[in-house]
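Spelled out, the chains give:
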Amino acid sequence: MGKLDGKVAFITGAARGQGRSHAVRLAEEGADIIGIDICAQMESVQYPMGTQAELDQTVKEVEALGRRIVALKADVRDVAGLQAAFDEGVAALGPVDIVVANAGIGAGGKAIAPETEWDEVVAVNMTGVWNTGRVAIPSMLQRGKGGSIILTSSTGGLVGVGIPTSGFLAYTAAKHGVIGLMRSWANFLAPHMIRVNSVAPTAVRTPMAGDGDLKAIMERNPALANALTNAMPVDLVEPLDVSNAVLWLASDEARYITGTVVPVDAGLINKR
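Residues numbered from 1 in each chain as written. Predicted model: local features only at pLDDT ≥ 70, side-chain atom pairs only at ≥ 80, totals over all residues. Heavy atoms only, no water.

Let me state the cut-off plainly: UniProt positions are given in the numbering used here, feature names are shortened, and annotations may be inferred rather than shown by experiment.
Per an unreviewed UniProt entry, the protein chain is named Short-chain dehydrogenase/reductase SDR, and its organism is Pseudofrankia inefficax. Recorded in UniProt for the protein chain, the comment headed Sequence similarities (unreviewed entry) runs: "Belongs to the short-chain dehydrogenases/reductases (SDR) family."

Written as C-alpha cells, this is what we have:
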C-alpha cells in the first residue's frame, strides 16, 4: 500500500522540473494527479519554459506507475482558466485531497522593462499561488474531509537575497509573500483539518538553475554566489529531494504539521 492511496493531487507547473518530480513521486505512493502547466514562453524568462511535449512526458511517467492523470494547459495567472482546468480534473478523477502550488519562474535577466520583469515574476510566483488556493480550497472545505496544501517558496523567501535588480527583488518579495500566505491559510483552515505548509528549497537541478550549470552562473554573479552557497558541499539539490519533503507533508505522517516551512536547503539558512 502507498502512503497516498485513494488521494487526488492537484499540481501546478507539472511539465518538468520539480512539478514533474512531485507528480511522479506522489503517484508512486498511490495518488492520482491533476497536473497543469502554462506550456508557453513568458517575456521576462531567459531560459526555455516547459512545453506541451514535456507535459505529455509527465503523463507517460505517471501512467507507467499505473496511476491516472489529467494534464492540462493552464496559466496560474488566469484564475478563470485555472478554475476550468481544476474542475475538469476533478470531474475525471474525483475530489482533490492534496494541492501542490509549485508553478514558478526565475528572476528574469532579459533586457526588458523592469516593470515587466517585476509584474511577471510576482504574478506567477505569488498571485499564481493565491489563485491556486482560491481555486482548490472551496471544494476542500465543501467536502469536509481535510487535506494538505503545500506551497513552494524558496530560501529566497527566508532571507534577503541582496541583488537589487527588478527580477531578484520581485522573486524575493514574492517568495516571502508565499510564506505569509501559507501562514494565513494555515490558521484559517486548521479548524477544517486542512493543513497548509511550505517547502523552501535552495537551488534545485532544473532548467531554472541552468540544468546544473550553476557554477558558471555564479561565477558571472558573485552576489548570487553568496546567496546560493550551501553549508553542505553540494551546489544543487535534486528535484526528488524536494518531492520527498512534499510527499511527507502530503501524507498522514505529517497529519499534525501545519503552518510551517520545511527548508530543503543543504544547510544554507543555518549557515547565514
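So, the environment of histidine 176
Operational definition: Runs of H or I in DSSP of at least four residues are treated as helices and runs of E of at least two as strands, each being numbered from the N terminus. Buried residues are those whose accessible area, probed at 1.4 Å on protein chains only, stays under 20% of the maximum for their type, while exposed residues exceed 50% and partly exposed ones sit between those limits. A contact between two residues is defined here by any heavy atoms of the two lying within 4.5 Å. We define a polar contact as two N or O atoms separated by no more than 3.5 Å, with the added condition that, inside protein, one atom must be a possible hydrogen donor and the other a possible acceptor, whereas residues neighbouring each other in sequence contribute only through side-chain atom pairs.
In this structure, histidine 176 sits in helix 5 (residues 166-189). The exposure class of histidine 176 is partly exposed, given its relative accessible area of 36%. For histidine 176 and valine 261, which are 85 residues apart along the polypeptide, the C-alpha to C-alpha distance reads 11 Å. In contact with histidine 176, other than residues within four places in its own chain, are Gly156, Gly157, Leu158 and Val159. A polar contact of 3.2 Å, which involves the side chain of histidine 176, links it to the backbone oxygen of glycine 156.

Description of the side chain of aspartate 265
Along the chain, aspartate 265 falls in the loop between strand 7 (261-264) and helix 9 (268-271). Side-chain polar atoms of aspartate 265 contact the backbone nitrogen of isoleucine 269, separated by 2.9 Å. Ignoring anything within four residues of it in the chain, the contact list for aspartate 265 reads Thr155, Ala200, Thr202, Asn230 and Asn270.

Observations regarding the pairing of strand 2 (residues 32-37)
To keep things clear, this is the line we draw: Strands pair, by our definition, only if DSSP identifies at least two bridges between them. Clockwise travel from the first strand over the helix to the second, with the strands pointing away from the viewer, marks a crossover as right-handed.
The element strand 2 is extensively covered by neighbouring structure, given that six of its six residues are classed as buried. Residue alternation in strand 2 divides its side chains into two sets, Asp32, Ile34 and Ile36 and Ile33, Gly35 and Asp37, and both sets are buried. The sheet contact formed by strand 1 (residues 8-12) and strand 2 spans five bridges and is parallel. Paired with isoleucine 11 across the bridge in strand 2 is glycine 35. Handedness of the crossover is the feature at issue here: the chain leaves strand 1, passes through helix 1 (residues 17-28), returns alongside strand 2, and the resulting connection is right-handed. As paired strands, strand 2 and strand 3 (residues 69-73) are joined by five bridges and run parallel to one another. Bridge assignment links isoleucine 33 to a residue of strand 3, and that residue is isoleucine 69. Each parallel crossover has a hand, and the one from strand 2 via helix 2 (residues 52-63) to strand 3 is right-handed.

Comments concerning the sheet that holds strand 4 (residues 98-101)
As a reminder of what qualifies: Helix axes are fitted only over the stretch in contact, all axes being lines through C-alpha atoms; the angle between N-to-C directions runs from 0 to 180 degrees.
Ordered by their spatial adjacency, seven strands build an open sheet running 3-2-1-4-5-6-7, and the pairing between neighbours is parallel. Each edge of the sheet is formed by a strand with only one pairing partner; in this case those strands are strand 3 and strand 7. In this sheet, adjacent strand axes meet at a mean angle of 15° when their direction is disregarded. Two elements, strand 5 (residues 147-152) and strand 6 (residues 194-201), share six bridges in a ladder whose sense is parallel.

Examining the nonpolar core
Note the cut-off: Buried residues of nine kinds, namely Ala, Val, Leu, Ile, Met, Phe, Trp, Tyr and Cys, make up a nonpolar core once their side-chain atoms join them within 4.5 Å.
Membership of the largest hydrophobic core comes to 49 residues, with the highest contact counts inside it found for Phe10, Ile36, Ile105, Ile149, Leu151 and Val196. Tallying contributions element by element places helix 5 first for this core, with 10 residues. The residues touching isoleucine 36, leaving out its near neighbours within four places in the chain, are Phe10, Ile11, Thr12, Gly13, Ala14, Leu72, Ala74, Val76, Leu82 and Ala85. By size, the runner-up hydrophobic cluster in this structure holds 31 residues, among which are Leu4, Ile11, Val264 and Ala266.

Some words on the environment of alanine 266
If you trace the backbone, alanine 266 turns up in the loop between strand 7 and helix 9. Considered as a pair, alanine 266 and alanine 231 are 35 residues apart in the sequence and their alpha carbons are 6.1 Å apart.

Structural notes on the pairing of strand 5
The buried count for strand 5 comes to six of six residues, which makes it a mostly enclosed element. Bridge analysis of strand 4 against strand 5 gives four bridges, and the strand direction is parallel. Among the inter-strand pairings, alanine 101 is bridged to a residue of strand 5, identified as leucine 151. At this point the chain moves from strand 5, through helix 5, to the parallel strand 6, and the crossover so formed is right-handed.

Some details on the pattern of salt bridges
A side chain of one charge can pair with a side chain of the opposite charge if their charged atoms are brought near each other. Selection criterion: Here, a salt bridge means any Lys or Arg side-chain nitrogen found within 4 Å of an Asp or Glu carboxyl oxygen.
By the definition in use, this model includes 11 salt bridges. Among the salt bridges present, the one from glutamate 253 reaches lysine 3, with a minimum N-O distance of 3.3 Å. Of this pair, glutamate 253 sits in the loop between helix 8 (239-250) and strand 7 while lysine 3 sits in the segment before strand 1, and the two are 250 residues apart along the sequence. Among the ionic pairs, arginine 16 bridges to glutamate 54, the shortest N-O distance being 3.5 Å. Taken as a pair, arginine 16 in the loop between strand 1 and helix 1 and glutamate 54 in helix 2 lie far apart in primary sequence, 38 residues in all. For glutamate 54, a relative accessible area of 23% corresponds to the partly exposed category.

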